[in-house]
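Chain residues, written in single-letter form:
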Amino acid sequence: MRNVFSDREKALEYDFFHKVDEQLLQRLRNKLADERQLELLADTTGLHHEGILNELAELGLNSETICALSLVPLVEVAWSDGRVSRAERNAILSVTPGGSGNMSDQLVANWLRERPDQKLFQTWKHYVAALSKTLSPV
């Protein structure tokens, strides 16, 4: 009888630590994926300021959607009266830098459908300030 309980105890212990190991591995995979996304974002933008890269990533921007950031001032102006008109929406979507149907276009369309948090405009300002430091006067 003692052996049955011992075997059961070992099985439960194994299951517990196996689940803990899986959770730790998943966290590590997520962390590596996040780091890789930040590296891609840094390569795409040319910026290596970790704070700004993290701000961009927190907003859901990545190497595939970063070009949408160039339209943030237009989105901000479109929302200035509390709503985006059809004409404003069409005008902004006509100049999206990515081309029809890509992730950047979808992101901009979402910003025009639902007013983005002020953090987007603040992050845009930080991004532009950091980017301007990397450019030559020419």
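Before reading on, note that the structure itself is shown above.
What this report covers is the structure whose coordinates are included nearby. From a predicted model like this one, the values you see are computed outputs, not experimental measurements.

Here's the deal with the nonpolar core
As a rule of thumb, nonpolar side chains are buried together in soluble globular proteins. In this structure, Leu56, Leu69, Val72, Val108, Trp111, Leu112 and Tyr127 are the most contacted members of the largest nonpolar core, which totals 26 residues. Of all the elements in the fold, those that place two or more residues in this core are helix H1 (2-45), helix H2 (50-58), helix H3 (72-78), helix H5 (103-113) and helix H6 (118-134). Sequence-distant contacts of Leu112, defined by excluding residues within four places in its chain, comprise Val75, Ala78, Trp79, Val84, Arg89, Ile92 and Leu93.

Section: the packing of aromatic side chains
In this structure the tally under the stated criterion is 1 aromatic pair. Considering the side-chain rings of Phe121 and Trp124, the 5.5 Å spacing of their centres and the 10° angle between planes classify their relative orientation as stacked. Taken together, the residues Phe121 and Trp124, both in helix H6 and 3 residues apart, mark about one turn of the helix. An identical accessibility class is assigned to Phe121 and Trp124; each is buried.

Focus on the pattern of salt bridges
Side-chain pairs of opposite charge can arise where the charged atoms are in close proximity. All told, the structure shown has 2 salt bridges when counted by the stated rule. Close ionic contact of Arg36 with Glu39 constitutes a salt bridge, the shortest N to O distance being 3.3 Å. Highlighted residues: Arg36 and Glu39, both in helix H1, separated by 3 residues, approximately one helical turn. Judged by relative accessible area, Glu39 falls into the partly exposed class, the value being 43%. Glu55 is the salt-bridge partner of Lys119, the closest N and O atoms lying 3.9 Å from each other. Of this pair, Lys119 sits in helix H6 while Glu55 sits in helix H2, placing them 64 residues apart in sequence. Judged by its relative accessible area of 33%, Lys119 is partly exposed.

A closer look at H5
Within the span of H5, buried status applies to Ser104, Asp105, Leu107, Val108, Ala109, Trp111 and Leu112. Close packing links the buried residues of H5 with H3, helix H4 (86-94) and H6. Sitting at the amino-terminal end of H5 is Asn102, which places a side-chain oxygen 2.9 Å from the backbone nitrogen of Ser104.

Points about the packing of H2 against H6
One can describe the packing of H2 onto H6 by two numbers: an axis separation of 10 Å at closest approach and a directional angle of 145°. For the pair H2 and H6, the sense of crossing is left-handed. Packed against H2, whose contacting residues are Ile52, Glu55, Leu56 and Glu58, the element H6 presents Lys119, Thr123, His126, Tyr127 and Ala130 at the interface. When grouped by side-chain class, the residues that make up the contact of H2 with H6 number 4 nonpolar, 2 polar and 3 charged.

Let's talk about the packing of H4 against H5
The contact between H4 and H5 brings their axes to 10 Å, and the two run at 160°. For the element pair H4 / H5, the angle class is roughly antiparallel. Remark: the crossing between H4 and H5 carries right-handed chirality. When H4 is examined against H5, the residues Arg89, Ile92 and Leu93 are found in contact with a partner set consisting of Asp105, Val108, Ala109, Leu112 and Arg113. Within the contact of H4 with H5, the residues separate by chemical class into 5 nonpolar, no polar and 3 charged.

Rules behind the numbers
- Residues numbered from 1 in each chain as written.
- Predicted model: local features only at pLDDT ≥ 70, side-chain atom pairs only at ≥ 80, totals over all residues.
- Heavy atoms only, no water.
- Core = buried A, V, L, I, M, F, W, Y, C linked by side-chain atoms within 4.5 Å.
- Buried < 20%, exposed > 50% of the residue type's maximum accessible area, 1.4 Å probe, protein only.
- Helix = DSSP H or I, 4+ residues; strand = E, 2+ residues; numbered from the N terminus.
- Contact = heavy atoms within 4.5 Å.
- Phe/Tyr/Trp six-rings, centres within 6.5 Å; stacked < 30°, edge-to-face > 60°.
- Salt bridge = Lys/Arg side-chain N within 4 Å of Asp/Glu carboxyl O.
- Polar contact = N/O pair within 3.5 Å; in protein donor to acceptor, adjacent residues only side chain to side chain.
- Axes fitted to C-alpha atoms, helices over the stretch in contact; angles between N-to-C directions.
- Left-handed = near helix turned anticlockwise from the far one by under 90°.
- Nonpolar A, V, L, I, M, F, W, Y, C, P; charged D, E, K, R; others polar.
- Parallel < 35°, antiparallel > 145°, perpendicular 65-115°, else oblique.

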